[in-house]
Amino acid sequence: MVALVLVATGAANGQADATSREWNKPIPPFRIAGNLYYVGAIEITSYLITTPQGHFLLDGGFVETAPQIEHNIVQLGFKLSDVKYLLNSHAHYDHAGGLAELKKVTGARFVASEGDAGLLRKGGHGDFRFGDTLLFPPIEPDKIILDGESLQLADQVMTAHLTPGHTRGNTTWTTKVREGGRMYDVVFVGSQSSLDYKFVGLESYPGIAADFVKSFAVLRNLPCDIFLGSHGSFFHFADKHERFMSGDTSAFVDPDGYNRYLSESEKDFRQKVDRQRQQGAASP
Ligand SMILES: [Zn+2]
């Protein structure tokens, strides 16, 4: 009975919980700069980088985001079958949920890090924090990408930087785009959110605290003009989108915002570590 009610509610609203529905609100796709396009929802992002020899598509959103992403790509005038590489920031249900569907409709090669490959294959089962609660359709990587490794289509190069912590294989992708005679360094941050993870004593996974520390250092060294990420809130998407639509074509050029994001998320992480250390010392 409960299951029936949940199914009925799900069918009526698309997604069961209010937060997911809020994050998944559709917005019209648009060109951010050069051959870089936004094809995601209002908070859960997805990016299309086009070339004459096929396209890169980064992130698949929720299961429910995939049809929006497909629609957005077509609306921009591109063919789904021209997507050659399907990429993922990290193996959580709000960024990996739509990947299986997107792989099916595009025929693209799915590329992921070794650290997240297991979780992707298992559709989120056995997540170190969420257990078996936040599941998504399983997807098998066609290629495992290594730290610093690049993929190329025409003269477009996408480079993977392993930034583990938020997930074991959390990946930050970088590329360059040309706009108005200038080249821009683009950073697509995976996620540096430390949530309620355990960093002291019995860690959420062995080495997670060291991974976060290393990943912040990696990110600090990346050149960044255009700052993007897996969640719109990381880079104040709503505000920038509004400015962009009212004519500020450089709204997404935000190196300071990138550094601010890193400082704030690192501060948040350090505070959690300190608090957990104090709690650890206080308990017998
Ligand atoms: Zn996540």
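Residues numbered from 1 in each chain as written. Predicted model: local features only at pLDDT ≥ 70, side-chain atom pairs only at ≥ 80, totals over all residues. Heavy atoms only, no water.

### As for the nonpolar core
The biggest cluster of nonpolar side chains holds 40 residues, and the ones touching the most others in it are I32, Y47, W173, F188, L228 and F252. Ranked by residue count, the leading element in this core is strand β11 (residues 182-189), at five residues. Those residues within four positions of I32 in sequence are excluded, and the remaining contacts are Y37, Y38, Y47, I226, L228, F244, T249 and F252. Core analysis: the next-biggest nonpolar cluster, separate from the first, contains 22 residues, I69, A108, F110 and L119 among them. (Core = buried A, V, L, I, M, F, W, Y, C linked by side-chain atoms within 4.5 Å. Buried < 20%, exposed > 50% of the residue type's maximum accessible area, 1.4 Å probe, protein only. Helix = DSSP H or I, 4+ residues; strand = E, 2+ residues; numbered from the N terminus. Contact = heavy atoms within 4.5 Å.)

### Side note on the confidence of the model for the chain
Here the chain shows a mean pLDDT of 94. Residues at 70 or above account for 94%. Every residue in residues 1-13 is under pLDDT 50, and counting partners more than four places away or in other chains gives two contacts. (pLDDT = per-residue confidence, 0-100.)

### Here's the deal with the sheet that holds strand β10 (residues 171-179)
The strand order across the open sheet built from five strands is β8-β9-β10-β11-β12, with neighbouring strands paired in mixed fashion. The open sheet has two edge strands with one neighbour each: β8 (150-153) and β12 (226-229). When strand polarity is set aside, the average angle formed by the axes of neighbouring strands in this sheet is 20°. Note that strand β9 (residues 156-162) and β10 share four bridges and pair antiparallel. Note that in β10 the partner of T159 across the bridge is T174. (Pairing = 2+ DSSP bridges. Axes fitted to C-alpha atoms, helices over the stretch in contact; angles between N-to-C directions.)

### Details of the coordination of the zinc ion
At the metal site, the zinc ion is ligated by H90 (NE2), H92 (ND1) and H166 (NE2), and these contacts range over 2.2 Å. Donor residues binding the zinc ion come from one chain and are separated in sequence as H-x1-H-x73-H. A residue pair is termed long-range when its members are at least 10 positions apart, and H92 in the loop between β5 (83-87) and α4 (93-96) and H166 in the loop between β9 and β10 qualify at 74 residues. Classification of H92 by relative accessible area gives buried; the value is 6%. (Donors = N, O, S within 2.8 Å, 3.2 Å for Na, K, Ca; no water.)

### So, the sheet that holds strand β1 (residues 30-33)
If you trace the seven strands from one edge of the open sheet to the other, you get β1-β2-β3-β4-β5-β6-β7, paired in mixed fashion. The open sheet has two free edges, formed respectively by β1 and β7 (143-145), since each of these has just one partner strand. This sheet shows a mean twist of 30° between the axes of neighbouring strands, independent of strand direction. When strand β3 (residues 47-49) meets strand β4 (residues 55-58), the two strands line up antiparallel, connected through three bridges. In the sheet register, Y47 faces β4, and the bridge partner there is L58. Against the sheet, helix α8 (residues 237-245) makes contact with β1 and β2 (36-38), and its axis sits at roughly 95° relative to β1, the strand it touches most.

### Considering the packing of aromatic side chains
Considering all chains together, one arrives at 25 aromatic pairs under this definition. When the centroid spacing of 5.0 Å and the interplanar angle of 65° are considered together, the rings of F128 and Y205 count as edge-to-face. Of this pair, F128 sits in the loop between α6 (114-121) and β7 while Y205 sits in the loop between β11 and α7 (208-220), placing them 77 residues apart in sequence. Aromatic pair F235 and F237: ring centres 6.0 Å apart, planes at 80°, arrangement edge-to-face. With respect to class, F235 is no different from F237; both count as buried. Every member of this aromatic cluster is reached through a ring pair, and the members are F30, Y38, Y47, F188, F227, F234, F235, F237, F244, F252, Y258 and Y261. (Phe/Tyr/Trp six-rings, centres within 6.5 Å; stacked < 30°, edge-to-face > 60°.)

### Some points on the environment of E203
Tracing the backbone through its elements, the reader meets E203 in the loop between β11 and α7. Residue E203 is classed as partly exposed on the basis of its relative accessible area of 23%. Along the chain, E203 and F128 lie 75 residues apart, while their C-alpha atoms are 9.9 Å from each other. If sequence neighbours within four positions are ignored, E203 has contacts with K198, I208 and A209. A distance of 3.1 Å separates a polar atom in the side chain of E203 from the backbone nitrogen of A209. (Polar contact = N/O pair within 3.5 Å; in protein donor to acceptor, adjacent residues only side chain to side chain.)

### Details of the packing of helix α3 (residues 66-75) against helix α5 (residues 99-106)
Remark: α3 packs on α5, axes separated minimally by 9 Å, with the N-to-C direction vectors making an angle of 35°. The crossing of α3 and α5 is right-handed. Every residue of α5 that contacts α3 at A66, I69 and E70 is listed here: E101, L102 and V105. For the contact of α3 with α5, the class distribution of residues is four nonpolar, no polar and two charged. (Left-handed = near helix turned anticlockwise from the far one by under 90°. Nonpolar A, V, L, I, M, F, W, Y, C, P; charged D, E, K, R; others polar.)

### Things to note about the pattern of salt bridges
A complete count under the given rule lists 16 salt bridges for this structure. Among the salt bridges present, the one from D196 reaches R129, with a minimum N-O distance of 2.7 Å. Pair noted here: D196 is in the loop between β11 and α7 and R129 is in the loop between α6 and β7, with a separation of 67 residues, a long-range link. Overall, D196 belongs to the partly exposed group, its relative accessible area being 41%. Across the pair K176 and D185 runs a salt bridge, and its minimum N-O distance is 2.9 Å. Classification of D185 as buried rests on a relative accessible area of 18%. (Salt bridge = Lys/Arg side-chain N within 4 Å of Asp/Glu carboxyl O.)

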